[in-house]
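Here is how the chains run, residue by residue.
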Amino acid sequence: MSIDLSQFFDVFFEESFEGLDVMEAELLNLQPGTEDSETINTIFRAAHSIKGGSGTFGFTSVTNFTHVLETLLDQIRDGRRQLTAEHVNLLLQSVDCLRGLLSALQAEEEPDLTESSELKAQFDRILGNEEQTLQSEPQSSTPEAETNTYQIDFKPHSHLFKTGNEPLYMLSELAELGDLETHAFCDGIPSLDKFNPEDCYLNWRLYLTTTQGQSAIQEIFEWVEDDADIDITLCGGLFESEVPEPQAEQSEAQVQNAEPKPSEQASKKANTAANKVPSSKKSSESTSIRVGIDKVDSLINMVGELVITQAMLTQLGEQEPTEQTLTALQEGLAQLAHNTRDLQENVMRIRMLPISFVFSRFPRLVRDTSQKLNKQVELKLLGEQTELDKTVMEKISDPMVHLVRNSLDHGLETPEERIKAGKDPVGQVTLNAFHQGGNIVIEIMDDGKGLNTEKIKSKAIANGLIQATDDLSPEEINELIFRPGFSTVDEVSDISGRGVGMDVVRRNIQSLNGSVEVNSAPGVGSTFTIRLPLTLAILDGQLVNVASHTYIIPLISIVESLQINIDKVSTVGNGLEVLRLRDEYIPILRLYKLFNHDGAIEALDKALLVVVESDNHKVGLLVDDLLGQQQVVIKSLEANYQRVNGISGATILGDGRVSLILDITGLIKLSGLKRPGSQDLLMEKQEEEVTT
Amino acid sequence: MMTEQASINEQLVLTNREGDKQFLTFMMAEEEYGMDILSVQEIRGWEEVTAIPNSPKFVNGAINLRGTIVPIIDLRVRFGLPRVEYGPLTVVVVVAVEIRDNTKVMGLVVDAVSDVYTINEETAKDVPEFQGSENSFFVQGLVNVGEKMVVLLNLKRILDLDENHNEQLVVGG
């Protein structure tokens, strides 16, 4: 019976991809000439773990490729080689290539080896050069280039299989180093009744004729050092057969041939880490989520508190009912409510991940893209710890990539242009994420030349999107870039303009119930603002009554609630009521009208006004009554129905009824209120009316 | 005993004949309608719904189905039939249908559930085209079960609330 290694595949892939992410991030930190040894060590360790893991599972394509990578890194780490920009580029390409190989293996497809062999050739070329410099230095005790025959006595301990190792893979790896002759000793195999199929009874004597050094052989056995007796000796003849040497000499030989200390430590670390993985995670699911230990700790704390509260309540329940116990009981129940709410909030937080998971891919993207475009770019990431639901996160990264590429390609100028414009030759691209009113806002800012309104306008006229006579504000013109089939690029470049327009970006974001808008100033830069709801989040809500329907207003967008002083209300334009509140004019939205509900309180002085804010724009929502405040779990209305204007989702109230959550931005849109300097909202409303 | 068993077996064999499908039928305005039983998730009684603002008239609102928000559609209104008072026999048939790569769960209000028939879809006849009748759009075919006629419904079209898409379907189909 052999252990089914495939059950550990998921863990291996997950760890490997994580390792690649680490490598990529650290590589981007590397500045040739000023590299710090810890960074190189981290990269080395990650590569080493991937190599070891892939070796264990028999993914030789990955093992072989990682091996050259590791050799180069090892030399840089030991100071035998200077890190160059070429190395960093090559290593970054290798990370991509490995990602491809691993993804193919994960999908159980045959990996495409052309890229890896090309890269490998490049590594070999670099390492080949090195071989010569290495020999001139009195570095290694064993000559590397000569052909030698080694006698390897490999005696695995009986528990070898349990550590997840498979001698066959090591032997085949050895065979790749040169001519291998194997002799297996079967004398350890017990009689069938004593035979334990999970034990290893075989040991081998191997003769390897190779040009590789002893360290290469040792590396293969690195993973089983502690689980086998390994003795490697240089010998002259191929068929020299001897009794295996005693233990003491073996360990001596090991000490002699030991690699330089730091790498030994590093590999040990990697070794133990990799060995731990299969034993600690027995089963894995198709999708998993990594949760910070602090979140789990706080959950455990909360459950502890809950248990204490429960014990307290039980104790109270056993006592004689008196006035005193009743008070204590009420206090206990209040505490229970508190515990439950905390617990609920924290459980929901498990699904939330910091947006740095998305942001982390941008340093690489910006580096590669700016190199291609010959632009100098500095990327700033802000608000990386802002948390976002995992599902939203997965879907938002593609639109963001598109926007960042656009900023680099269209937004930022070349260094020469920037100097001419009196700017720093290094352009700035900033990604910023923050929470605002139950939404997450992601901004993509650049300090480039801004959108060319003239060009957009003429293009839009040419495409028939607008009439030449239309009088549009700059904001309205900028909005045009989100229209389908719109592109201002004259030439299709490698980076953008491949037919995927901003309309797709907008559609993708809208499919997440979000919105995207652009603000741009000529010569100063552009800012794209993405607003997304936290689909699966807990929201503090204010329950309100509108014509006996209960709606929920996100508490965070509420500025204040008040009774209307009728004297301060005036009607402007086409029947829009405005309340003068201190020094502001607040438009009044009659919710019952917007939602076509009958039976609501229509007299302004009898109803209540909830003043809410969205996009720095205040409106008052007219409601019949305020009910309570409550934390609600947002449920999708769209999943089984469709998008409803003015509604961001639904929730289930304590009594099991469904209640709808108001979407303030959407409501303003629905009301046809004109935002300062924008006619678009009105236009869109009219469009919607036509379609419905 | 043996014969009974044999007849049950025979029935089982019959239901497995190619092209045979089981249909749940229900009554509405004296007509019998059928829908693929594999789409039916459950049958519930009528309960209060939460109104969805600005929704089409045939959408009564939404209910909480064990934590999922499920819209409820009045099939009479969807078909342009007069609305009736909901009574004890009013049932909500909860169906799950795949609409453009998303499985949507919705409740259909019908007058009463009737029967389950095994029908060979190939025996279904196309609906005669009536001028001005939009309902034929929702109908997959007509079949005779004994003396009765059953209207087989195209749930995908009934539950697809995107009007634009429906129009495209009409043009395309």
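Cut-offs used in this document
- Residues numbered from 1 in each chain as written.
- Chains lettered and ligands numbered in written order.
- Predicted model: local features only at pLDDT ≥ 70, side-chain atom pairs only at ≥ 80, totals over all residues.
- Heavy atoms only, no water.
- Helix = DSSP H or I, 4+ residues; strand = E, 2+ residues; numbered from the N terminus.
- Areas by Shrake-Rupley, 256 points an atom, 1.4 Å probe, with all protein chains shown as cover.
- Buried < 20%, exposed > 50% of the residue type's maximum accessible area, 1.4 Å probe, protein only.
- Contact = heavy atoms within 4.5 Å.
- Pairing = 2+ DSSP bridges.
- Axes fitted to C-alpha atoms, helices over the stretch in contact; angles between N-to-C directions.
- pLDDT = per-residue confidence, 0-100.
- Salt bridge = Lys/Arg side-chain N within 4 Å of Asp/Glu carboxyl O.
- Parallel < 35°, antiparallel > 145°, perpendicular 65-115°, else oblique.
- Left-handed = near helix turned anticlockwise from the far one by under 90°.
- Nonpolar A, V, L, I, M, F, W, Y, C, P; charged D, E, K, R; others polar.
- Buried area = accessible area lost by both parts, 1.4 Å probe.
- Patch = residues over 30% accessible without salt bridge, like charges linked within 9 Å, V, L, I, M, F, W, Y side chains within 5 Å.
- Polar contact = N/O pair within 3.5 Å; in protein donor to acceptor, adjacent residues only side chain to side chain.

**Description of the overall build of chain B**
If you tally the helices and strands in chain B, you get 4 helices and 10 strands. Reading the secondary structure of chain B in the N-to-C direction produces α-β-β-β-β-β-α-β-β-β-β-β-α-α. A total accessible area of about 9,900 Å² is found for chain B, and carbon and sulfur atoms account for 51% of it.

**Things to note about the overall build of chain A**
What chain A contains, in helices and strands, is 21 helices and 22 strands. Here chain A holds 692 residues, and the buried ones make up 43% of them. Long-range contacts, defined as pairs at least 24 residues apart, comprise 71% of the intrachain contacts of chain A with a sequence gap of at least 6. Put simply, chain A shows about 34,900 Å² of open surface, and 51% of that area lies on carbon and sulfur atoms.

**Quick word on the sheet that holds strand S4 (residues 228–235) of chain A**
Residue and element names in this part refer to chain A. Strand order in the open sheet formed by 4 strands is S2-S3-S1-S4, and the pairing between neighbours is antiparallel. Of all strands in the sheet, those bounded by a partner on one side alone are strand S2 (178–185) and S4. On average, each strand axis in the sheet is tilted by 15° relative to the strand beside it, whichever way the strands run. Sheet topology note: the S2/strand S3 (residues 203–210) ladder contains 8 bridges and is antiparallel. From the neighbouring strand, Asp179 faces S3, where its bridge partner is Thr209. Along the sheet, helix H7 (residues 214–221) contacts strand S1 (148–156), S3 and S4; its crossing angle with S1, the most-contacted strand, is approximately 20°.

**Some remarks on the confidence of the model for chain A**
On average, chain A scores 77 in pLDDT, and the residues at 70 or more come to 82%. Ranking the helices and strands of chain A by mean pLDDT puts strand S22 (residues 658–662) of chain A first, with 92, and helix H9 (residues 261–280) of chain A last, with 40.

**Brief notes about the pattern of salt bridges**
Per the counting criterion, the structure on display carries 27 salt bridges over all chains. A salt bridge links Glu42 of chain B to Arg66 of chain B, with the nearest nitrogen and oxygen atoms 2.5 Å apart. Of this pair, Glu42 of chain B sits in strand S3 (residues 40–45) while Arg66 of chain B sits in the loop between strand S4 (59–65) and strand S5 (68–74), and the two are 24 residues apart along the sequence. Overall, the relative accessible area of 64% leaves Arg66 of chain B in the exposed class. Linked by salt bridges that have partners in common, Asp21, Glu24, Asp96, Arg99, Arg364, Arg367 and Asp368 of chain A make up one network.

**A few points about the packing of helix H2 (residues 37–57) of chain A against helix H3 (residues 60–77) of chain A**
Residues and elements named next belong to chain A. One way to put it is that H2 packs onto H3 with a least axis distance of 9 Å and a crossing angle of 155°. Regarding the angle of H2 to H3, the classification is roughly antiparallel. When the axes of H2 and H3 are compared, the crossing they make is left-handed. For the pair H2 and H3, the contacting residues are Ile40, Asn41, Ile43, Phe44, Ala47, His48, Ile50, Lys51, Ser54 and Gly55 in the first and Val62, Thr63, Thr66, His67, Leu69, Glu70, Leu73, Asp74, Ile76 and Arg77 in the second. Per-class residue counts for the contact of H2 with H3 are 9 nonpolar, 7 polar and 4 charged.

**Things to note about the pairing of strand S9 (residues 439–446) of chain A**
Residue and element names in this part refer to chain A. Of all the 8 residues making up S9, 6 are buried; the element is thus mostly covered by neighbouring parts of the structure. When S9 meets strand S11 (residues 525–533), the two strands line up antiparallel, connected through 8 bridges. Looking across to S11, one finds that Asn439 is bridged to Pro533.

**Structural notes on the interface of chain B and chain A**
The accessible area lost on association of the parts is a frequent measure of interface size. In this complex, chain B contributes 22 residues to the contact, which on the side of chain A involves 24 residues. Between chain B and chain A, a total of about 1,800 Å² is buried, with carbon and sulfur atoms accounting for 58% of that surface. Sorting the residues of chain B by area buried against chain A places Pro53, Asn54 and Ile69 of chain B first, and these three jointly supply 36% of that buried surface. The interface formed by chain B and chain A contains 0 salt bridges. Residues belonging to the side of chain B that touches chain A are distributed by class as follows: 13 nonpolar, 7 polar and 2 charged.

**Quick notes on the packing of helix H1 (residues 9–29) of chain A against helix H4 (residues 85–106) of chain A**
Residues and elements named next belong to chain A. Here H1 crosses H4 at 165°, and the two axes come no closer than 10 Å. Classified by the interaxial angle, the pair formed by H1 and H4 is roughly antiparallel. By crossing handedness, the relation of H1 to H4 is classed as left-handed. Every residue of H4 that contacts H1 at Phe12, Phe13, Ser16, Phe17, Leu20, Asp21, Met23, Glu24, Leu27 and Leu28 is listed here: Val88, Leu91, Leu92, Val95, Asp96, Leu98, Arg99, Leu102, Ser103, Leu105 and Gln106. Broken down by class, the residue content of the contact of H1 with H4 amounts to 14 nonpolar, 3 polar and 4 charged.

**Side note on a nonpolar patch on the surface**
Taken together, the side chains of Ile189, Leu192 and Phe195 of chain A define a hydrophobic patch exposed on the protein surface, amounting to about 310 Å² of accessible area. Judged by its relative accessible area of 76%, Leu192 of chain A is exposed.

**Points about the environment of Thr84 of chain A**
Considering the arrangement of structural elements, one finds Thr84 of chain A in the loop between H3 and H4. What makes Thr84 of chain A partly exposed here is its relative accessible area of 30%.

**Some points on the environment of His617 of chain A**
In this structure, His617 of chain A sits in strand S19 (residues 617–623). Classification of His617 of chain A by relative accessible area gives buried; the value is 15%.

**Remarks on the confidence of the model for chain B**
Chain-level pLDDT for chain B is 78 on average; 78% of the residues reach the 70-or-more range. In the predicted assembly, ipTM is 0.80 and pTM is 0.48.

**Some words on the side chain of Thr63 of chain A**
Residues and elements named next belong to chain A. Here Thr63 shows up in helix H3. Here Thr63 falls in the buried class, since its relative accessible area comes to 4%. Reaching out from Thr63, the side chain makes a polar contact with the backbone nitrogen of Gly55 at a distance of 3.4 Å. Residues in contact with Thr63, not counting those within four places in the same chain, are Lys51, Ser54, Gly55 and Glu173.

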